[in-house]
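So you can see what is in the structure, the chains are spelled out below.
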Amino acid sequence: AVLDTGYWKHEATDRTSDGAWRVLAQYDAERNAVDMINGSVTSDSSGHGSHVTSAIINTRKTADNRFLGVAPDARLVSVKAFGADGGSTYATVIRGIDWVVQNRQAYGIRILNCSFSAPPQSHYWDDPLAQAVMRAWQAGIVVVTSAGNTGPDPMTIGVPGNVPYVITVGAMTDSYTPADGTDDKLASFSSAGPTVEGFAKPDIVAPGGHIWAFMPTSSQIAQRHPAYVNDGDYFMMSGTSQASAVVSGVVA
């Protein structure tokens, strides 16, 4: 399950590498409504959710026959909890997480990707959003979340990345030389720990610099940053959101 700004209906994310239908459900937490079951509709006016989702499941291949998505045969449940501007409320996000927990068995949800972050306002155990994430973990769901993009200073991990029970992901960059590992480094924006409670975070780092993934050209992010639109339906974006998507794909 990807909890984000929505889904972009696209042939390379609608179906797995062998052509099987993969979008099991789409739920809109803002409206508290199921938009589609075993079908897909475009619900993403931001572009962020489309980018994160396709980084996980894109079935297109490179010229040397490698998949562009980390988990091209994973099934998908898309939960829209953020608007066109990328903003939301605690209540909406918690409603989305609760829906995932309630429907985990119906759709076989084993992983929840949370590519978002908010400034901590309290200890994690008192935070309602962190509590919702912990309920998902207690239900047997692997929760993967972004560390945040407010680094590199210490103690900049956001919510829910400060929860010790989730996999919190920071971003690394290959410095535009993917074949050379010697210049790989932590991305300058990647948030760092420890948390206020003293937990070492992030738990892992993954590629999060200049990631190519799908984004509709009509979306708000693509409209605001047209220089990063590539080959029509691709967009180059950096962030711990993208790194979180890579790890969710690996988990899948």
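Residues numbered from 1 in each chain as written. Predicted model: local features only at pLDDT ≥ 70, side-chain atom pairs only at ≥ 80, totals over all residues. Heavy atoms only, no water.

S.K.: What should I look at first to understand the pairing of strand 3 (residues 33-37) in this one?
M.R.: Relative to strand 3, strand 2 (residues 23-28) runs antiparallel, the two being bridged by 4 bridges. When the bridges of strand 3 are listed, alanine 25 appears paired with isoleucine 37. Between strand 2 and strand 3, which pair antiparallel in sequence order, lie 4 residues; one of them, asparagine 32, sits at a positive phi of approximately 55 degrees. (Pairing = 2+ DSSP bridges. Helix = DSSP H or I, 4+ residues; strand = E, 2+ residues; numbered from the N terminus.)

S.K.: Please clarify how the environment of aspartate 183 should be interpreted in this entry.
M.R.: Structurally, the position occupied by aspartate 183 is in the loop between strand 7 (167-173) and strand 8 (185-186). Between the C-alpha atom of aspartate 183 and that of threonine 173, which follows or precedes it by 10 residues, the distance is 8.6 Å. Every residue in contact with aspartate 183, bar those within four places of it in the chain, is listed here: Thr173, Asp174, Ser175 and Thr177. (Contact = heavy atoms within 4.5 Å.)

S.K.: Would you take a moment to explain helix 3 (residues 90-102) for this structure?
M.R.: The terminal C-alpha atoms of helix 3 lie 18 Å apart, and with 13 residues this matches the ideal 18 Å at 1.5 Å per residue to within 8%. Those residues of helix 3 that fall on the buried side of the exposure criterion are Thr92, Val93, Ile94, Gly96, Ile97, Trp99, Val100 and Val101. (Expected span 1.5 Å × (residues − 1). Buried < 20%, exposed > 50% of the residue type's maximum accessible area, 1.4 Å probe, protein only.)

S.K.: Mind showing me how you'd approach the sheet that holds strand 11 (residues 229-230) here?
M.R.: The strands that make up a sheet pair up through hydrogen bonds in the backbone, lying either parallel or antiparallel. Read from one edge to the other, the open sheet built from 3 strands follows the order 10-12-11, with strand pairing classed as antiparallel. Of all the strands in the sheet, just strand 10 (211-214) and strand 11 have a single pairing partner and so form its edges. Here strand 10 pairs with strand 12 (residues 234-237) via 4 bridges, running antiparallel. Within strand 12, the residue paired with alanine 213 across the bridge is phenylalanine 235. Most of the contacts of helix 2 (residues 48-57) go to strand 10, to which it runs at about 105 degrees, and overall it touches strand 10 and strand 12. (Axes fitted to C-alpha atoms, helices over the stretch in contact; angles between N-to-C directions.)

S.K.: Can you help me understand the environment of glycine 69 in this one?
M.R.: On the secondary structure map, glycine 69 appears in the loop between helix 2 and strand 4 (76-80). On the basis of relative accessibility, which here comes to 6%, the residue glycine 69 falls in the buried class.

Interpretation in functional terms is not warranted from these geometric data alone.
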